[in-house]
Structures are given as C-alpha cells and as structure tokens.
Amino acid sequence: MNTFNLKHTLESGQFFRYDPMGEWNYLAERDKFFKIRQIGKKIEFVGTSPEHINRLFGLDQKYSKIIKNLAEDETLIPALEKYNGLRIMQRDPWETLVSFQCSIMSNIKKIKLNLNLIAKEFGKPLALDSVKQHSFPNPGEINDLDRVKSCATGFRARYIHAANALVDDKYFENLRKKKYEDAHSELMELPGVAAKVSDCICLFALDKMQAFPVDVWIERIMKETYPETKNMKNDEIRQFAWDRWGKNAGYAQQFLYHWARLKD
DNA sequence: GACCAGGAATTGG
DNA sequence: CCAATTCATGGT
C-alpha cells in the first residue's frame, strides 16, 4: 500500500465525526459507523468494507506521484516530510456540504458538535461495540427549521434547511461527473455556499483535486510563504495556486493548511 | 472593504 | 454562580 497516515488525515480538518478511543477511532458518516486504527503501517478496521476505506481515505490515489510532483516546490518539502501520509479524503458529498455550511464563522470543535446534534435530531441510532452514534440524515430529511436551530447551528440553520430541499444524492453524482469549474459554480447557487465552501466540497467529496479552498489559515500561510501573494485577493491566490501546482493544488493546500495550524 | 451573522468558551466579578 | 467579554470565520 502507498503511504498513509491516519492521524494526520483525520486531524486535518476534512472530517469531523470521529472519536478516538484508545487505539481505535470511531467514525460516522451518513449511514456508516465503523472503527479504524493504524499500528505502524498496518490499517485495521471493523464495520465497513475495504472498498469504502479505500475510497474514503483516498488510498487509490497515486500518492507518491503527487508528492514527488509537489516536492519540486522546495518550500513545500518540510510540510511534505513532516506530514507524510496525509491524504485528501473522498467523503459523502451531502454530509460534506452540511459540514462546511456549519464551518462558517465556526471552529472544528463546534462543527463537530453541530453535526452530532443534527445526527441525533434527524438520524437513526447506530452502535458499534458499546459505542453509540447516529446516522446522518439523508437529503430531504433535515426538514424542520426549528429543529435545525436546536442543533446550535444559529444563522446557518436556514442555509442547511434550504439546501436540504434543493439537493439529493443524484444531484451530487451529476456534479461529480462535471468538470471542476462547472461543479464549483453550481454549488455556489446553494445558500450558504460561496467560493470557499464550494471548494471544500469539490476537493473533499467530488474528486476535484485542483480545488484550492482559501480560508483564513491558507491566506495567512500563503502570504507568509510566498511574498508575491502578499496583496492578492482570495481568487487571485487560487489562480496563483493553479499556476504553481496545477491539478495537485488541492494537495498543496492540504499540507499548507495542516502546517499553518500546527507549526507554532 | 464593510458589515453581518449566533453561539460556545472563557474570563471577570 | 452568573454576566460580560472574547473568540473565530465566511457569506452577502
């Protein structure tokens, strides 16, 4: 198997409903609830299929090729080495959409709280070993604005509630087939989805590996690392990223993000 | 570029 | 303990 580091991957702001318990990590996404651990190079999991694991953690990507390509940019090398094995996940698009609608003016801890409350409020009970969880509701099932508000979502509740009525799983499968630019702009038609949130969905759920979400962390680290971006606006930073890293821009972003958040 | 958004977490009393 | 303040971030 290619290089994979479970810890780096889970802790890099792509996935929220996971709980470490001893060596194991319990993960919930949509109707799946499973546990996974990594000991040395060995990955073990219970509660889902190898296909799902390969897909979710991007284990079928040409990782060494991507890293080798990014390493041509010398400034990335420290991050590439330190967080070797960090993968871009390929998640369920619907839960990813709601996750990043929740991310507006929020933080990882609170996003996690919001998603678990939504699952508890609208999903079905699940259990593995003696650990309890809830499935994430399907599109169309988050259909009561007051109950969405009761999940501590605040002003985001109306975004989530409105998007819930506009999409279904098929909508996302169609987006997956489209090219990045089209998928990106279509997603922005949804309430609570502007460029950044759209890029997160493209990158983490729709196989659009050139997507380059620019949040405050990326903006900061880009301007520190590449002085020529100092006065750029976010969409100019994205263009800079594509000029520099092309189709691997998404991976560059993920390493930079993790580096920016953990370096100090 | 300014303005706005709701709640959790933390601090101060 | 409760009240006040801080924190954190992206959409419009």
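Look a little higher up for the structure.
We now turn to the structure provided with this report. (Residues numbered from 1 in each chain as written. Chains lettered and ligands numbered in written order. Predicted model: local features only at pLDDT ≥ 70, side-chain atom pairs only at ≥ 80, totals over all residues. Heavy atoms only, no water.)

**Things to note about the packing of aromatic side chains**
In this description, an aromatic ring pair is defined by two values, namely the gap between the centres and the angle between the planes. The condition is simple: Side-chain rings of Phe, Tyr and Trp (the six-membered ring for Trp) are treated as a pair once their centres are within 6.5 Å; stacked means planes under 30 degrees apart, edge-to-face means over 60, and tilted covers the remaining angles. Runs of E in the DSSP output that reach at least two residues are strands. Runs of H or I that reach at least four are helices, and both are numbered from the N terminus. Burial status follows relative accessibility: with a 1.4 Å probe on protein chains alone, a residue under 20% of its type maximum counts as buried, one over 50% as exposed, and anything between as partly exposed. Only lysine NZ and arginine CZ atoms are considered, and such an atom sits over a ring when it is within 6 Å of the ring centre and within 35 degrees of the ring normal.
Following the criterion strictly, the structure yields 14 aromatic pairs and no others. Between the aromatic rings of Phe4 and Phe57, the centroid separation amounts to 5.3 Å while the plane-to-plane angle is 55°, which identifies the pairing as tilted. With Phe4 in the segment before helix H1 (6–10) and Phe57 in the loop between helix H2 (50–56) and helix H3 (63–70), this pair connects stretches of sequence that are 53 residues apart. Each member of the pair, Phe4 together with Phe57, is buried. Their ring planes at 75° and their centres at 6.3 Å tell us that Tyr83 and Trp259 sit as a pair that is edge-to-face. Of the two residues, Tyr83 sits in the loop between helix H4 (77–82) and helix H5 (93–102) while Trp259 sits in helix H14 (residues 249–262), which places them 176 residues apart along the sequence. For Trp259, a relative accessible area of 25% gives the class partly exposed. Ring pairs connect the aromatic residues Phe212, Tyr226, Phe240 and Trp245, which therefore count as one cluster. One Lys or Arg, Lys35, reaches over the ring of Trp24 and ends 4.5 Å from the middle of that ring.

**Concerning the packing of H5 against helix H9 (residues 169–177)**
What counts here: Fitted lines through C-alpha atoms give the axes, limited to the stretch in contact for helices. The angle between two N-to-C directions lies from 0 to 180 degrees. Oblique is the label for any angle not under 35 degrees, not over 145, and not in the 65 to 115 range, which are roughly parallel, roughly antiparallel and roughly perpendicular in turn. We call two residues in contact when some of their heavy atoms are within 4.5 Å. Under this grouping Gly is polar, as are all residues other than the nonpolar Ala, Val, Leu, Ile, Met, Phe, Trp, Tyr, Cys and Pro and the charged Asp, Glu, Lys and Arg.
In the contact formed by H5 and H9, the axes pass within 9 Å of each other and the chain directions differ by 95°. Judged by the inter-axis angle, H5 sits roughly perpendicular to H9. Of the residues in H9, those touching H5 at Pro93, Trp94 and Leu97 are Asp169, Phe172 and Arg176. A class-by-class count of the residues in the contact of H5 with H9 yields four nonpolar, no polar and two charged.

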